[in-house]
Amino acid sequence: MSLLGLLDKSRAVAPLHYNRWLIPPAALAVHLAIGEVYAFSVFKTALVERFDASLTQIGIVFCIAIGMLGLSAAFGGTWVEKAGPRKAMVLAALCWGAGFVIGSVGVATNQLWLLYLGYGGIGGIGLGIGYVSPVSTLIKWFPDRPGMATGLAIMGFGGGALIASPLTSYFLDHFAPTPSGAIIPAFLTIAAIDVVVMLAGAATIRTPHPDWKPAGWTPPETPRSALISTGNVTANNAIRTPQFWLLWVVLFCNITAGIGILEQASPMVQDFFPGTAGAVAAGFVGVLSLCNMGGRFGWSTLSDVLGRKRSYMLYLGVGAVAYFLLAQVGTSSIGLFVLFAGVIISFYGGGFATIPAYLKDMFGGLQVSAIHGRLLTAWSAAGIAGPLIVNAIADGQRAAGREGAQMYSLSLLVMVGVLGVGFVANLLVRPVAARWHEPVLEAAACDEAVEPVPVLVLAGAAGEELGESRPVAAASGAPAVARQDVRAVTGPGTERAWSAASLVPRVLWVVVVGGLAYGLVTTLVKAVALFT
């Protein structure tokens, strides 16, 4: 069988009684690896020296990467749905690794455009495909807790910098006499580590058996909220609804407000509190990283209880209050400054992690990855708007003779207004009209109209024999787009094979938890400097 055949989505279907907790480490592995992009600033000084370039010229690399993330997620989301998570994760790993390799060639030849093309362009494609690829799969495994599921996956992207930042610093300090000379081996080492981790995630990802559902869980007969759709909307139709664009505004405003602080975190704390040492500023950045990661899992999980619309009312409403307090009383105490900034960034992370579940509620699960990808264009726009607002206003205030915290007071109040716009947009969200739902065909008509799609399942349900097939009913409210034949492969050694296969995701759990623990400890050590 060809390599592409091995990556086919039909070969990623799990056996009926597969343990769903073996799936999250695959998603975390991919997101922790591509989350390294948040640690790109560690390379900045060395790259400036190597290319004899300005900070702005090097900063363009990050901007291209985030821009390509949004674009590749938007245009590749539909393909991810069709190809399946395994093929998408492998493509993401290859693009991400190739980005580092091409970037290394650019560094070696002193060609900055190759760094733009490699890390920014091709690596950015890997970011976008890798970001959306595990999300809908986890939602399918956790239909009872979709907010927690998306929080588990997207938490990794926020936590990637916790691991990558200290590792990158170590590589730059030890791979050559100077950091600028260590860029190439550091790039290649990070590429090798990330590609291996991402491929391990691709090898262990599974989609649920068509007959599987969580033990003891019964799909509710009626949605617990009017916003939860009973039908499915395609990506092409979703972008024609006002709900999609309202959620685009919600995400744009939430990201703009959060990224405005993240991009300026270190200089901001030093300007608010003159005399602050670099180590203290680094500790502040570390605390924000922890809040970002914790918010992605914590707030998203809470959204399963609060509901998605109420959760965004919390993120945007309380976030606006926190921004106002940061502007008014943030200078009185570094503790209050850290508290308000941490709350804002936790909502920033929570907004990222909750939006896929919000989309699933609104548009159904049919093409949630594709819809999510298109919504991430809001991230690309906010990645420009947030830093631009903060930096432009700070430059204007400096030119007017103001200094310290006064340079940021106006931009912080502007962010209050930005969050207010998002709050209003969220209030305007209403259920999607039934006319956008895909038609639900009768099972009999579907059987006659559509050829079966073979799905290979090892160690399937009891009583299934090799080659036996049976139609699988579409999930409640799902369009009858195809009938699946489940071919259960049984026989001597099958259980042993699956026991061995389950060992890999268990090892991957150890790897991702160990990596996060390493990042947490090193970050907390730096954060202690804030209060000592």
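No experiment lies behind these values; they were computed from the predicted model shown.

The next point concerns the overall build of the protein chain. The helix and strand tally for the protein chain stands at 20 helices and two strands. When the 532 residues of the protein chain are sorted by exposure, 54% land in the buried category. A sequence separation of at least 24 residues applies to 84% of the contacts in the protein chain between residues at least 6 apart. Roughly 21,300 Å² of accessible area belongs to the protein chain as shown, and the carbon and sulfur atoms make up 66% of that amount.

Turning next to the nonpolar core. Formed by 137 residues in total, the largest nonpolar core has its most connected members in Leu47, Tyr119, Tyr131, Phe157, Phe363 and Trp379. For this core, the element with the highest residue contribution is helix α15 (residues 334–363), accounting for 15 residues. Core analysis: the second largest hydrophobic core is formed by 11 residues, Leu32, Ile163, Leu290 and Met293 among them.

A separate point is the pattern of salt bridges. Here the structure, examined in full by the defined rule, presents four salt bridges. A salt bridge links Arg20 to Asp144; the shortest N-O distance between them is 2.9 Å. You can see Arg20 sitting in the loop between α1 (3–6) and α2 (24–34) and its partner Asp144 sitting in the loop between α7 (135–141) and α8 (146–174), a full 124 residues away along the chain. Judged by its relative accessible area of 11%, Arg20 is buried.

Locating Asn254 in the fold gives a position in helix α11 (residues 242–262). Excluding residues within four positions of it along the chain, Asn254 makes contact with Tyr315, Leu316, Phe347, Tyr348, Gly351 and Leu419.

To continue, consider the packing of α11 against helix α16 (residues 368–375). Remark: α11 packs on α16, axes separated minimally by 10 Å, with the N-to-C direction vectors making an angle of 55 degrees. As summarised for this structure, α11 and α16 are arranged oblique, according to the angle between their axes. The two elements α11 and α16 cross, and the hand of that crossing is right-handed. Contact with α11, carried on its side by Phe244, Leu247, Trp248 and Leu251, involves Ile371, Arg374 and Leu375 of α16 and no other residues of that element. Its residues assigned to classes, the contact of α11 with α16 comprises six nonpolar, no polar and one charged.

Let's shift gears to the environment of Trp509. Relative to the helices and strands, Trp509 resides in helix α20 (residues 494–527). Through-space distance from the C-alpha of Trp509 to that of Leu22 is 8.0 Å; in sequence the pair is 487 residues apart. Excluding its chain neighbours within four sequence positions, the residues that come into contact with Trp509 are Trp21, Leu22, Pro24, Pro25 and Leu28. A distance of 2.6 Å separates a polar side-chain atom of Trp509 from the backbone oxygen of Trp21.

Let us now look at the confidence of the model for the protein chain. Per-residue confidence for the protein chain gives a mean pLDDT of 84; residues scoring 70 or more make up 86%. Counted against residues more than four places away or in other chains, residues 442–495, with its pLDDT under 50, gives 92 contacts.

Right, let's talk about a nonpolar patch on the surface for a bit. Where nonpolar side chains cluster on the molecular surface, the patch consists of Val321, Phe324, Leu325, Val329, Leu336, Leu339 and Leu413 and spans about 530 Å² of accessible area. Of all the secondary-structure elements, those providing two or more residues to the nonpolar patch are α14 (308–329) and α15. In terms of residues, the nonpolar patch owes the most to one element, α14, which gives four residues. Among the secondary structure elements, Leu336 is positioned in helix α15.

On to the packing of aromatic side chains, then. Any pair of aromatic rings gets described here by the distance separating the centres and the angle formed by the planes. Inspection of the entire model under this criterion finds 30 aromatic pairs. Between the aromatic rings of Trp245 and Trp248, the centroid separation amounts to 6.4 Å while the plane-to-plane angle is 45 degrees, which identifies the pairing as tilted. Of this pair, Trp245 and Trp248 both sit in helix α11, three residues apart, which is roughly one turn of that helix. A relative accessible area of 19% means that Trp248 is categorised as buried.

Following the sequence through the fold, Ser133 ends up in the loop between α6 (112–132) and α7. Excluding its chain neighbours within four sequence positions, the residues that come into contact with Ser133 are Val80, Pro85, Ala88 and Met89.

With that settled, the discussion passes to helix α3 (residues 41–51). Buried within α3 are the following residues: Phe43, Ala46, Leu47, Val48 and Phe51. Those residues of α3 that are buried are in contact with α4 (55–83), α5 (85–109), α6, α8 and α9 (183–204). One or two steps after α3, the chain reaches Asp52, where phi turns positive at roughly 50 degrees.

Here we come to unusual backbone geometry. Despite not being glycine, Asp52 shows a phi value in the positive range, around 50 degrees. Within the fold, Asp52 resides in the loop between α3 and α4. Assessed through its relative accessible area of 72%, Asp52 is described here as exposed. The residue Asn110 is not glycine, and still its phi comes out positive at about 60 degrees.

Attention now moves to the environment of Pro179. The topology assignment puts Pro179 in the loop between α8 and α9. In this structure Pro179 comes out as partly exposed when scored by relative accessible area, which is 36%. In this structure the C-alpha to C-alpha distance between Pro179 and Arg50, which are 129 residues apart in sequence, comes to 9.1 Å. Beyond its immediate stretch of four places on either side in the chain, Pro179 contacts Ala46 and Leu172.

Let us look at the environment of Ala527. Looking at the secondary structure, you find Ala527 in helix α20. Sequence separation of Ala527 and Leu288 is 239 residues, and the distance between their C-alpha atoms is 9.7 Å. Not counting residues up to four positions away in its chain, the partners in contact with Ala527 are Gly283 and Val287.

It is worth spelling out the packing of α8 against α9 at this point. Their axes nearest at 8 Å, the elements α8 and α9 cross at an angle of 140 degrees. Between α8 and α9, the angle is such that the two are oblique. Between α8 and α9 lies a crossing of right-handed hand. The residues of α9 that touch α8, namely those facing Thr168, Phe171 and Leu172, are Ile183, Ala186, Thr189, Ile190 and Ile193. Residues belonging to the contact of α8 with α9 are distributed by class as follows: six nonpolar, two polar and no charged.

Reading guide: rules and limits
Residues numbered from 1 in each chain as written. Predicted model: local features only at pLDDT ≥ 70, side-chain atom pairs only at ≥ 80, totals over all residues. Heavy atoms only, no water. Helix = DSSP H or I, 4+ residues; strand = E, 2+ residues; numbered from the N terminus. Buried < 20%, exposed > 50% of the residue type's maximum accessible area, 1.4 Å probe, protein only. Contact = heavy atoms within 4.5 Å. Areas by Shrake-Rupley, 256 points an atom, 1.4 Å probe, with all protein chains shown as cover. Core = buried A, V, L, I, M, F, W, Y, C linked by side-chain atoms within 4.5 Å. Salt bridge = Lys/Arg side-chain N within 4 Å of Asp/Glu carboxyl O. Axes fitted to C-alpha atoms, helices over the stretch in contact; angles between N-to-C directions. Parallel < 35°, antiparallel > 145°, perpendicular 65-115°, else oblique. Left-handed = near helix turned anticlockwise from the far one by under 90°. Nonpolar A, V, L, I, M, F, W, Y, C, P; charged D, E, K, R; others polar. Polar contact = N/O pair within 3.5 Å; in protein donor to acceptor, adjacent residues only side chain to side chain. pLDDT = per-residue confidence, 0-100. Patch = residues over 30% accessible without salt bridge, like charges linked within 9 Å, V, L, I, M, F, W, Y side chains within 5 Å. Phe/Tyr/Trp six-rings, centres within 6.5 Å; stacked < 30°, edge-to-face > 60°.

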